[in-house]
Amino acid sequence: MSPGVLLTATVNTQPHFIPEMIRLILPLGDQPVRMENTKPVHGTVYWRETPIRMILQGPLLVTYGQSLGSLVAQFQSTRAEGVGDELVLAEGTYDLEGVLPKAITEVFSAKEAMGGVRGTVKMTRTQIGGVLLPRSSVTMKQIGRGTTNIPGLTLQLSEPMPVECNLTALHCDGGPMIATVHAPTFKISGRDVHTSHGLLRFEHLKTRGSEWQAEGTVSVDGVRLDSSPWALSPSTWAVTFAADQAAIKANLRIDLPKHAEIMTGRIEQPLQGKSGMFHGTIGPLTFNGAEGRLSKIIRGLPSSTDIVEGRFSVTVDASWSGGLSNSMSGMRIISTDAKVVGEKLSGYYSDYVVKGLSTTMALHIDKADAVSMIQPASILVTSMRSGLEISNLAALYQIRWPFAHTLPVIDVKDFQCDVLGGRVTNPGLVVDLNEPPFSTTFFLHKLDLAKVLSMEQQRGLHGTGTLNGTVPVTFTSSGAIVKDGRIEAQPPGGVLRYISAAEPSGDVSESGDQLRFVEQALNNFHYTLLRVGLKYEETGMLDLSARLEGKNPDLKNTPPIHFNLTVQEHIPTLLKSLRLVDEIRGSIERKYGRRL
């Protein structure tokens, strides 16, 4: 057949001379076929053989499908042989371009798939062998399954991939295969996930009838999860998998630039409705120094929040019903158990500086209804400071968080901490953050008056004594309320000494005499009673009523002295209400009309 000869016909993909696996890819129904040659094609027909045998040799280009249709297949043969209506041998190159059929898109839960696949092939009666060439690609749009949605994904072959198939036994072997993955943005549970580069590698692909096997690795760089206002720094995800017709088993690893294996996991997912399982570990993360801190892992943290020392780890075991053959809406969490461990964590949050926080939580999620702690856990904090130094904080706590509620319920027991040379305790309280108010009482034990007075580092005021008290607190949605709080010095009392830095006054008025008398009395005041009543409102208004009884032994002819002082001040927190020194001094100044 001379060059330039053009043959056209309309055929249906059902003829037996087209192998079944090829017919699955080609569009169904009547399709135009175009044959043309640019070089001579030689053919031989063996009429005497039954059935008739025909051989063609030469570069014959066969185009199948409409140019504007769903898929166009081109085959450039170098040799072809047919016996009757059966194609028994074909060699050449092929090129598939266009929209892939519905059977392909359903496998990936995609609305549309575009193919651009090219390679070499040699087909006999029972065997197909060939090579997929680089730059072959498949682009899928709107891949959706459950809570995952991928607007677009492209796989492009970067190295040749050999394939061998036995059509009679339905055996196929392929690989290794290396392809780049391009999916810049997708959504998981409504959150945007961004990637910069991906790589898919199949070590081998095998089919044996209805059975199949695949092993490989998926790695994705620059993974960023939008979880405003903060997000994990760009990470590298690598999944090593082995799959067959029964199940998929995979190992997950996530690395950060300065933290290798920040997360590892093992997934086992049956494909036919059985329960799947996951075991994962976060960390352990070691925080140390400028580069080894939480703000280097999570971007967008406020500058006033960070973890700078200690170790942190999480282990998770989860199981769910339903396989990948079901829709994701048919998959249900059976149970999830997690263990969270913090060891000597140090950092800061807003105005609070925390050192040496240690705790271990065992969490359980049952049927995705609620997350709760299996048993009470202890928390220990070496120190916490926000104007007031608190040390050796310890408590037992247990958390339950129904997912139907906005916030968790926390049961706290045996709270205690060291503060101002003494101790604060609380037998327990249930904190239901969804339904305030809730009330409890804090007990003060043996607070050191000298430490209380030294908090503000006031010049000239010193004291000794031990304070005890009770502070009933009601927590509301907008703040805290204290009513009838009581603080009292432990018998036999103590000593207050105040030396004014002000110059002696020449005031000869009655108020001046009273002020000098107060200064003299407080110069060496031995008190037998120091009692403070405390009230605090949601608005931040603090009311203190203090009573002092005692005398100055240096004033021998002076009877016992009683002081009654009332202080009212607007303050941001209850702890800062311990700044009593300024208020006592201000109260005296207001009462006697002169600055001390």
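In case you missed it, the structure is sitting above this.
What comes next is a walk through the structure. (Residues numbered from 1 in each chain as written. Predicted model: local features only at pLDDT ≥ 70, side-chain atom pairs only at ≥ 80, totals over all residues. Heavy atoms only, no water.)

## A closer look at a nonpolar patch on the surface
Taken together, the side chains of Val45, Trp47, Ile52 and Met54 define a hydrophobic patch exposed on the protein surface, amounting to about 410 Å² of accessible area. Of note, Trp47 is situated in the loop between strand E3 (42–46) and strand E4 (53–64). (Patch = residues over 30% accessible without salt bridge, like charges linked within 9 Å, V, L, I, M, F, W, Y side chains within 5 Å. Areas by Shrake-Rupley, 256 points an atom, 1.4 Å probe, with all protein chains shown as cover. Salt bridge = Lys/Arg side-chain N within 4 Å of Asp/Glu carboxyl O. Helix = DSSP H or I, 4+ residues; strand = E, 2+ residues; numbered from the N terminus.)

## Focus on the pattern of salt bridges
Where charged atoms from two side chains of opposite charge approach closely, those side chains can pair. For the structure shown, the criterion picks out 22 salt bridges. Asp192 is paired through a salt bridge with Lys187; the nearest N and O atoms lie 2.6 Å apart. Across the pair Arg423 and Asp418 runs a salt bridge whose closest N-O atoms are separated by 2.1 Å. Each member of the salt-bridge network shares a partner with another, and the members are Glu49, Arg53, Arg79 and Glu81.

## Focus on the packing of aromatic side chains
Here the structure, examined in full by the defined rule, presents 4 aromatic pairs. Relative to Phe241, the ring of Phe202 has its centre 5.6 Å away and its plane inclined at 80°; by these criteria the two rings are edge-to-face. Taken as a pair, Phe202 in strand E16 (residues 197–208) and Phe241 in strand E19 (residues 235–244) lie far apart in primary sequence, 39 residues in all. Taking NZ or CZ as reference, Arg53 lies 4.1 Å from the ring centre of Tyr46, over its face. (Phe/Tyr/Trp six-rings, centres within 6.5 Å; stacked < 30°, edge-to-face > 60°. Lys NZ or Arg CZ within 6 Å of the ring centre and 35° of its normal.)

## Quick notes on unusual backbone geometry
Backbone phi values are negative for most residues with the exception of glycine, while trans is the configuration of most peptide bonds. Geometrically, the link from Thr50 to Pro51 is a cis peptide bond, its omega value of -5° lying close to zero. Relative to the helices and strands, Pro51 is located in the loop between E3 and E4. Pro492 follows Pro491 through a cis peptide bond whose omega is 10°. Note on placement: Pro492 falls in the loop between strand E35 (479–489) and strand E36 (494–498). For Asp414, which is not a glycine, the phi torsion comes out positive at approximately 55°. The class of Asp414 is partly exposed, set by a relative accessible area of 44%. (Buried < 20%, exposed > 50% of the residue type's maximum accessible area, 1.4 Å probe, protein only.)

## A closer look at the nonpolar core
Within soluble globular proteins, side chains that are nonpolar generally end up buried alongside one another. Formed by 46 residues in total, the largest nonpolar core has its most connected members in Phe415, Leu449, Leu467, Phe525, Tyr527 and Leu530. Here the element with the most residues in this core is strand E37 (residues 525–536); it accounts for 6 residues. Here Leu530 is in contact with Leu449, Leu467, Ile487, Glu488, Ala489, Arg547 and Leu548, once residues within four sequence places are set aside. Residues Leu100, Val193, Phe202 and Phe241 belong to the second largest nonpolar core, which totals 23 residues. (Core = buried A, V, L, I, M, F, W, Y, C linked by side-chain atoms within 4.5 Å. Contact = heavy atoms within 4.5 Å.)

Note that every value here comes from positions in space, so none of it alone points to a role or purpose.
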